[in-house]
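Coordinate analysis (summary)
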Amino acid sequence: MAAYDVHHARVFGRCSPKTGIVPFMDLVEQVMTQEAYASARRVFWIVDNGSSHRGEAAADRLTARFPNAVLVHTPVHASWVNQVEIYFSIVQRKVVSPNDFTSLDQVEDRLIAFERRYNETARPFRWKFTPADLEDLLARIERHEQKERDSQQPIDCEHQPAVLAPAA
């Protein structure tokens, strides 16, 4: 499991023999007891819809333990929008494949070593798409949609069509 601080490109990894509520809350504890998270006004936890952190009970459990934690679920089948999934993709390609491990301890050692190296070298992703770019895009979409709606409207004509005389 991992948590990812998008502002600092820092990973908090945790190896556990199982997934579930307790391992997830252990990961939350690992992060939320450290500064600056412990004293932050709000810390957003962006999660998929996994059973260990799905639904209102999960949100209540999180905020009961850490009142400044806010659980936010990605839409179903859209966990790819969660930036920690990018990290998991990198781990899959650079750490787990090829699968040449002889023990689970070896997997854990390699994951921990990669996390350390990642945290030393990674930099936060800098979005190039600004709020102004978004506003411009939305305005262009609205203009395009309005143009489409206008072109589909029947034209109201005030005149009668000409009557053609039959050819003699």
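First things first, this report covers the structure right here in the doc. Computed from a predicted structure; not experimentally measured.

Definitions and limits used
- Residues numbered from 1 in each chain as written.
- Predicted model: local features only at pLDDT ≥ 70, side-chain atom pairs only at ≥ 80, totals over all residues.
- Heavy atoms only, no water.
- Patch = residues over 30% accessible without salt bridge, like charges linked within 9 Å, V, L, I, M, F, W, Y side chains within 5 Å.
- Areas by Shrake-Rupley, 256 points an atom, 1.4 Å probe, with all protein chains shown as cover.
- Salt bridge = Lys/Arg side-chain N within 4 Å of Asp/Glu carboxyl O.
- Helix = DSSP H or I, 4+ residues; strand = E, 2+ residues; numbered from the N terminus.
- 1 Å grid on protein atoms, 1.4 Å probe; cavity = no way out; pocket = protein on both sides within 12 Å on 5 of 7 lines; lining within 4 Å.
- Points joined across faces, edges and corners; volume = space filled by probe spheres on them.
- Nonpolar A, V, L, I, M, F, W, Y, C, P; charged D, E, K, R; others polar.
- Core = buried A, V, L, I, M, F, W, Y, C linked by side-chain atoms within 4.5 Å.
- Buried < 20%, exposed > 50% of the residue type's maximum accessible area, 1.4 Å probe, protein only.
- Contact = heavy atoms within 4.5 Å.

Moving on to a nonpolar patch on the surface. A cluster of nonpolar side chains, Phe129, Leu134, Leu138 and Ile141, forms an exposed patch at the surface whose accessible area comes to about 360 Å². By secondary structure assignment, the location of Leu138 is in helix α5 (residues 131-152).

The calculated volume of the largest pocket comes to roughly 910 Å³. As for the largest pocket, its lining consists of 38 residues, and the residues nearest its centre are Ala3, Tyr4, Phe44, Trp45 and Ile46. Tallying contributions element by element places strand β3 (residues 43-47) first for the lining of the largest pocket, with 5 residues. In terms of residue class, the lining of the largest pocket is built from 21 nonpolar, 12 polar and 5 charged. If you add up the space inside the second largest pocket, you get close to 510 Å³. Lining the second largest pocket are 19 residues; nearest its centre among them are Met1, Arg14, Cys15, Ser16 and Leu111. Residue assignment for the lining of the second largest pocket shows that the elements contributing at least two residues are β2 (10-13), α3 (84-96) and α4 (104-121). If one sorts the elements of the lining of the second largest pocket by residue count, α4 sits on top with 6 residues. Considered class by class, the residues forming the lining of the second largest pocket number 12 nonpolar, 3 polar and 4 charged.

Grouped together as the largest cluster of nonpolar side chains are 17 residues, with contacts concentrated most on Val28, Met32, Trp45 and Leu62. Every element with two or more residues in this core is listed here: α1 (21-32), β3, α2 (55-65) and β4 (69-73). It is α1 that provides the largest number of residues to this core, a total of 6 residues. Those residues in contact with Leu62 that lie beyond four places of it in its chain are Met25, Val28, Trp45, Ala69, Val70 and Leu71. Core analysis: the next-biggest nonpolar cluster, separate from the first, contains 12 residues, Ile90, Val91, Tyr118 and Ala122 among them.

These results come straight from atomic positions and should not be treated as a statement about function.
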